[in-house]
Amino acid sequence: MKITNDEKVCSFFASDYHFEMITLPYIKESIEKNKKVIVFTENNLETTIDKVLKGMNLDEKMKSKILNIDWGNKDSEKIEDLKKANNENKEILILVKGKEQYIKNIEDRFSKMSNNCETEIIDCYDVNEIGDNTEKIAKNYDKVLNTVGKILLEF
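Residues numbered from 1 in each chain as written. Predicted model: local features only at pLDDT ≥ 70, side-chain atom pairs only at ≥ 80, totals over all residues. Heavy atoms only, no water.

A. Inspection of the nonpolar core at higher detail. Ranked by size, the top nonpolar core spans 24 residues in total, and within it F19, I27, I66, W71 and I122 carry the most contacts. Of all elements in the fold, only β1 (9-13), α1 (16-32), β2 (36-41), α2 (46-54), α3 (60-67), β3 (92-98) and β4 (119-126) reach the threshold of two or more residues within this core. Among the elements that take part in this core, α1 stands out by supplying six residues, more than any other. If we ignore the near neighbours within four places in the chain, the residues touching F19 are F13, V39, L45, W71, L95, K97 and C124. Of all hydrophobic cores here, the second largest spans 23 residues; its members include V96, M113, C117 and I130. (Core = buried A, V, L, I, M, F, W, Y, C linked by side-chain atoms within 4.5 Å. Buried < 20%, exposed > 50% of the residue type's maximum accessible area, 1.4 Å probe, protein only. Helix = DSSP H or I, 4+ residues; strand = E, 2+ residues; numbered from the N terminus. Contact = heavy atoms within 4.5 Å.)

B. Representation of the pattern of salt bridges within the structure. According to the stated counting rule, one finds 11 salt bridges in the structure shown. We note a salt bridge from K74 to D70, for which the minimum N-O separation is 3.8 Å. Given the relative accessible area of 34%, K74 is considered partly exposed. When its relative accessible area of 21% is taken as the criterion, D70 is described as partly exposed. Ionic pairing is found between E80 and K83, a salt bridge with its closest N-O pair at 3.6 Å. Of this pair, E80 and K83 both sit in helix α4 (residues 75-87), three residues apart, which is roughly one turn of the helix. Connected through salt bridges with shared partners, the residues E46, D70 and K74 form a single ionic network. (Salt bridge = Lys/Arg side-chain N within 4 Å of Asp/Glu carboxyl O.)

C. Geometry of unusual backbone geometry. Unlike most non-glycine residues, N34 shows phi in positive territory, near 65 degrees. Considering the arrangement of structural elements, one finds N34 in the loop between α1 and β2. Take N34: its relative accessible area is 53%, and that puts it in the exposed class. The backbone of N89 sits at a positive phi, close to 60 degrees, despite the residue not being glycine. Its place among the elements puts N89 in the loop between α4 and β3.

What follows is the structure, encoded as structure tokens:
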């Protein structure tokens, strides 16, 4: 079986900070459900996530768990983390953040991988790159993650 979403979910962000603010409630919920969270990102988010979490009203234990997610842009290492979580039969949340071509490249890598467990993938597009194509892209998905980390729109 290939890594797939039963329901395709996407999100749109205007900046790194905006991406983090949109996804943090969803990430927190996933951590609370003991899911493995993997963030594939075109650019390194280690500095921005640290700044965002300093301003968040979260307990220190949850902040630590969120900071322990690899927020860097080392895709090969994250593929290995994904394989390990899959071998452990752990539920997985994957966020893929970047420009349209980056998301397609990561999806191509996923299509070649086996999956033994429940895996949810959320593709997060940079609105500065896609411009007026937001609606066109959203129509390729079943749902859109809104700004408070909840599935808002269903198509």
